[in-house]
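Structure at a glance
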Amino acid sequence: MMSCHPWNQALWDRLTADVSQLPHGILLHGPAGVGKRSLALALAKRMLCSQPTPEGACGQCPSCSWFDQGAHPDFRLIEPAEPDAGEEGAGKKGGRHIAIQEIRGLAEFLALAPHQGGWRTVVVHPAEAMNVPAANALLKTLEEPPSRVLIILVSHQPRRLLPTVLSRCRKVAVTLPDTESALAWLGSQGLASAEMLLREAGGAPLKALDCADPERLARRERFLEALSRPSPAGLSVLAQDFQNRLDEAWGWFSRWVHDLMRVKLGSQARYFKERHVELDRQAGALPLEGLMALEEEVRRAGRWLKHPLNSQLLLESWLLRYADLLEDSHGR
Ligand SMILES: [Zn+2]
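Residues numbered from 1 in each chain as written. Predicted model: local features only at pLDDT ≥ 70, side-chain atom pairs only at ≥ 80, totals over all residues. Heavy atoms only, no water.

Next up on the list: the packing of aromatic side chains. Inspection of the entire model under this criterion finds 8 aromatic pairs. Judged by centre distance (5.0 Å) and plane angle (75 degrees), the ring pair of Phe-223 and Phe-242 falls under edge-to-face. Here Phe-223 is found in helix α10 (residues 214-228), whereas its partner Phe-242 is found in the loop between α11 (232-241) and α12 (246-264), with 19 residues between them in sequence. An identical accessibility class is assigned to Phe-223 and Phe-242; each is buried. Taken together, a centroid distance of 5.6 Å and an interplanar angle of 45 degrees make the contact between Phe-223 and Trp-252 tilted. On the criterion of sequence distance, the pair formed by Phe-223 in helix α10 and Trp-252 in helix α12 is long-range, its members being 29 residues apart. Judged by relative accessible area, Trp-252 falls into the buried class, the value being 1%. An aromatic cluster of three or more residues is present, and its members are Phe-223, Phe-242 and Trp-252. (Phe/Tyr/Trp six-rings, centres within 6.5 Å; stacked < 30°, edge-to-face > 60°. Helix = DSSP H or I, 4+ residues; strand = E, 2+ residues; numbered from the N terminus. Buried < 20%, exposed > 50% of the residue type's maximum accessible area, 1.4 Å probe, protein only.)

Written out as structure tokens, the structure reads:
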């Protein structure tokens, strides 16, 4: 049976207490990795199920089995297409949009009578991937929705949505679970080092699960090892190797610098506690002002990181600045 993640149970109960009171448009918003998409799909499935229980869809009826096969005639899931590996722009996150054609297709779908004579449900994920024409097209549907239609928008960044779209939806916040529930769930998924990964994921359990990918863990180890024993040559190689993974490198490097600042100011490391010996040593040697300037620069860069331009140069410039700082601190 499909249901939501355990930390979203209370929210689920509130949403499904009386489905006749649900509005036409719901916006599930919150940080990435807290289970918004699963919650949206569970709700969509619950509305279509012919024998729903308080826990959700029954999982047995024909409607549920169509849904599970991705073939329910009264359901649409609208997501940006995965770019083909060979396609131009593949691997660049900036290029993934929900285009107006898809929303027009949705309007056509909703103009027809429901196949099963009951509800029709739509999930748009993530809603901020709609470009402006697409969002405006959706707005028309939200303004004059056919009866028994539920449109669920899922958004990690609701501020990027058109205010007119926002105003047509009931906003439902999906928040980070408390650490204890998150760790309990990660444990039940068989995740080792759950605490470390949850910290790195900023408390978002599904993100922590993604972080546990063995290849990613190996890259993380390599990156931290190079920062722990830095040499200009080693950092330059690192910058080259991670030029296509700037997001990842930025995440680790900014946390590393943040930890150095904390240790420098007499607190404990937050993210890389397992490297406290190296952090202690470097924080002791590095000048506070240089460290503060570097942290500020790296933090600001995070805002426009999605632009693929010159990412190698950027990473290289941080790492070389870091090497310079270390060099200076040894020279004193
Ligand atoms: Zn069912």
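Attention now moves to the side chain of Glu-200. Assignment of secondary structure puts Glu-200 in helix α8 (residues 194-200). In terms of polar contacts, Glu-200 uses its side chain to reach the side chain of Arg-220, at 2.6 Å. Once residues within four sequence positions are removed from consideration, Glu-200 is found in contact with Arg-216, Arg-220, Trp-252 and Arg-255. (Polar contact = N/O pair within 3.5 Å; in protein donor to acceptor, adjacent residues only side chain to side chain. Contact = heavy atoms within 4.5 Å.)

This part is about helix α2 (residues 36-48). The first and last C-alpha atoms of α2 sit 19 Å apart over 13 residues, in line with the 18 Å expected at 1.5 Å per residue. Here α2 lies mainly inside the structure; 11 of its 13 residues are buried. Of all the residues in α2, the buried ones are Lys-36, Leu-39, Ala-40, Leu-41, Ala-42, Leu-43, Ala-44, Lys-45, Arg-46, Met-47 and Leu-48. Taken together, the buried residues of α2 touch α1 (9-16), β1 (25-29), α3 (62-68), β2 (75-78), β3 (120-124) and β4 (149-155). (Expected span 1.5 Å × (residues − 1).)

What follows covers the coordination of the zinc ion. For the zinc ion, the full set of protein donor atoms is Cys-49 (SG), Cys-58 (SG), Cys-61 (SG) and Cys-64 (SG), and the range of their distances to it is 2.3 to 2.4 Å. Note that the zinc ion binds 4 donor atoms; their angles at the metal cover 102 to 119 degrees, and the shape is tetrahedral. Every donor residue of the zinc ion comes from the same chain, spaced as C-x8-C-x2-C-x2-C. The two residues Cys-61 and Cys-64 agree in class, both being buried. (Donors = N, O, S within 2.8 Å, 3.2 Å for Na, K, Ca; no water. Tetrahedral: all angles 85-135°; square planar, octahedral: opposite > 155°, others 65-115°.)

On to the sheet that holds β2. As summarised here, the arrangement of the 5 strands in space is β2-β3-β4-β1-β5, forming an open sheet in which the pairing is parallel. At either margin of the open sheet sits one strand with a lone partner, and together these are β2 and β5 (170-173). Across this sheet, the average inter-strand angle for adjacent strands is 15 degrees, counted without regard to direction. In terms of strand pairing, β1 meets β5 through 4 bridges, oriented parallel. Bridge assignment links His-29 to a residue of β5, and that residue is Ala-173. (Pairing = 2+ DSSP bridges. Axes fitted to C-alpha atoms, helices over the stretch in contact; angles between N-to-C directions.)

The subject of this paragraph is the domain arrangement of the protein chain. Each assigned domain of the protein chain is listed with its residue range as follows: domain 1 (6-82 + 94-175) and domain 2 (213-331). The straight-line distance from the C-alpha centre of domain 1 to that of domain 2 is 40 Å. (Domains from an automatic or database assignment.)

Our next topic: helix α13 (residues 276-285). Glu-278, Leu-279, Gln-282 and Ala-283 are the residues of α13 that are buried. Relative to the axis of α13, the buried residues are bounded by an arc of 125 degrees and lie together on one face. Among the exposed residues of α13, those pointing more than 90 degrees away from its buried face are Val-277 and Gly-284. (Arc of directions from axis to C-beta.)

Counted according to the given criterion, the structure contains 16 salt bridges. Residue Arg-216 pairs with Glu-200 through a salt bridge whose shortest N-O separation is 2.8 Å. With a gap of 16 residues between them, Arg-216 in helix α10 and Glu-200 in helix α8 connect regions that are remote in the sequence. Of the two residues, Arg-216 and Glu-200, both sit in the buried class. Residues Arg-220 and Glu-274 are paired through a salt bridge, measuring 3.2 Å at the closest nitrogen-oxygen approach. Taken together, the positions of Arg-220 in helix α10 and Glu-274 in the loop between α12 and α13 put the pair 54 residues apart, joining distant regions of the chain. By relative accessible area, Glu-274 is classed as partly exposed at 40%. It is possible to trace a salt-bridge network through shared partners that takes in Glu-200, Arg-216, Arg-219, Arg-220, Glu-248 and Glu-274. (Salt bridge = Lys/Arg side-chain N within 4 Å of Asp/Glu carboxyl O.)

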